[in-house]
Amino acid sequence: MPEPIIFYDIPSKDLNPKAWSPNTWKTRFCLNLKGLPYKTVWVEYPDIEPVLRKLGVRPTVKNAEGEPYYTVPAIFDPNTKVALAESSAIARYLDKAYPDSPRLIPAETDALHAAFDDAFHAAILDGIARAMLHETANHLNPRSEAHFRRSREAAFKINDLAELAPPGPKRDEAWAAVKRGLSTFAGWLRADGSDKLFFLGQDRIAYADITIAGFLIWVRIVLGKESEEWAELMAWDGGRWARFMAAFEKYETVDVGEDVVINSSF
């Protein structure tokens, strides 16, 4: 049995489960689906950069000012001494390092997965971000909330996240954009005349499916199962997203984990 992989995630202050981030959920689903042992280390936003620098992980994106920006998910695998960040890079690493576990990105679909990632972001990311960011910030610990609001407000060039989708037309349009994006994906899954649940078939979950599931579980955890938004989303496209998320329930395990320890060596 390999040693547990160290998985870096961002905690909420009051949600159940504690894990909420759509991007880190992608990696958590990957680890759970593969059945690999891991331990979560919870990291507040301001601590992500020093923690990842210490591990030797490179920044994954640039912020609104064009500066290198460090993000999670990130992992450190004590079995191979590999540390890396970014969910699709982690998925590809896990496929190569643990070939006896279910493959997330079959070799013949690698380019298609890369294309899907771009298509997914173009179709859904702006709408779901506008709909979700303000409410998400309300559930973060104070240090993370301040960082989250400051960075996202800079990215959207606004003064307050509440401006993104207040109740009314702006919020309605944000959710309508999400619905259009998901309906596009549903159409792709019906392209051959059958209504496949997943991109590789009825019973085979791939990383493209995990990408969608990561963002849908974000909505459910932050807004709640009883929210109007979640109920409506589960009814879209003839209820296919309810069936889709039901298939992921067995991969929703969240371990207790531990808080990151920041000391002078950072």
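Description of the structure in this document. (Residues numbered from 1 in each chain as written. Predicted model: local features only at pLDDT ≥ 70, side-chain atom pairs only at ≥ 80, totals over all residues. Heavy atoms only, no water.)

## Structural notes on the overall build of the chain
Alright, step 1. Check the secondary structure of the chain and you find eight helices and seven strands.
Alright, step 2. On C-alpha atoms alone, the chain measures out to a radius of gyration of 18 Å, which is about the 18 Å that the 2.2 N^0.38 rule sets for 266 residues.
Alright, step 3. In terms of principal-axis extent, the alpha carbons of the chain reach across some 55 × 50 × 35 Å.
Alright, step 4. When the 266 residues of the chain are sorted by exposure, 50% land in the buried category.
Alright, step 5. Of the contacts made within the chain by residues no fewer than 6 positions apart, 69% connect residues no fewer than 24 positions apart.
Alright, step 6. Taking the 32 positively charged and 38 negatively charged side chains of the chain as two groups, their mean positions are separated by 3 Å. (Helix = DSSP H or I, 4+ residues; strand = E, 2+ residues; numbered from the N terminus. Rg over C-alpha atoms; globule rule 2.2 N^0.38 Å. Buried < 20%, exposed > 50% of the residue type's maximum accessible area, 1.4 Å probe, protein only. Contact = heavy atoms within 4.5 Å. Lys, Arg positive; Asp, Glu negative; His and termini not counted. Charge placed at Lys NZ, Arg CZ, Asp CG, Glu CD.)

## What about unusual backbone geometry?
Alright, step 1. Residue Pro17 follows Asn16 across a cis peptide bond; omega there is 5°.
Alright, step 2. With respect to the helices, strands and loops of the structure, Pro17 is situated in the loop between β1 (5–9) and α1 (22–34).
Alright, step 3. Between Val72 and Pro73 the backbone carries a cis peptide bond, its omega angle lying at 20°.
Alright, step 4. Looking at where Pro73 falls in the secondary structure, it is placed in the loop between β4 (68–69) and β5 (74–77).
Alright, step 5. The backbone of Glu86 shows a phi angle near 90°, a positive value even though the residue is not glycine.
Alright, step 6. One can find Glu86 in the loop between β6 (82–85) and α3 (87–97).
Alright, step 7. Overall, Glu86 belongs to the partly exposed group, its relative accessible area being 29%.
Alright, step 8. Notably, Asp237 is not glycine yet its phi reads approximately 50°, a positive angle.

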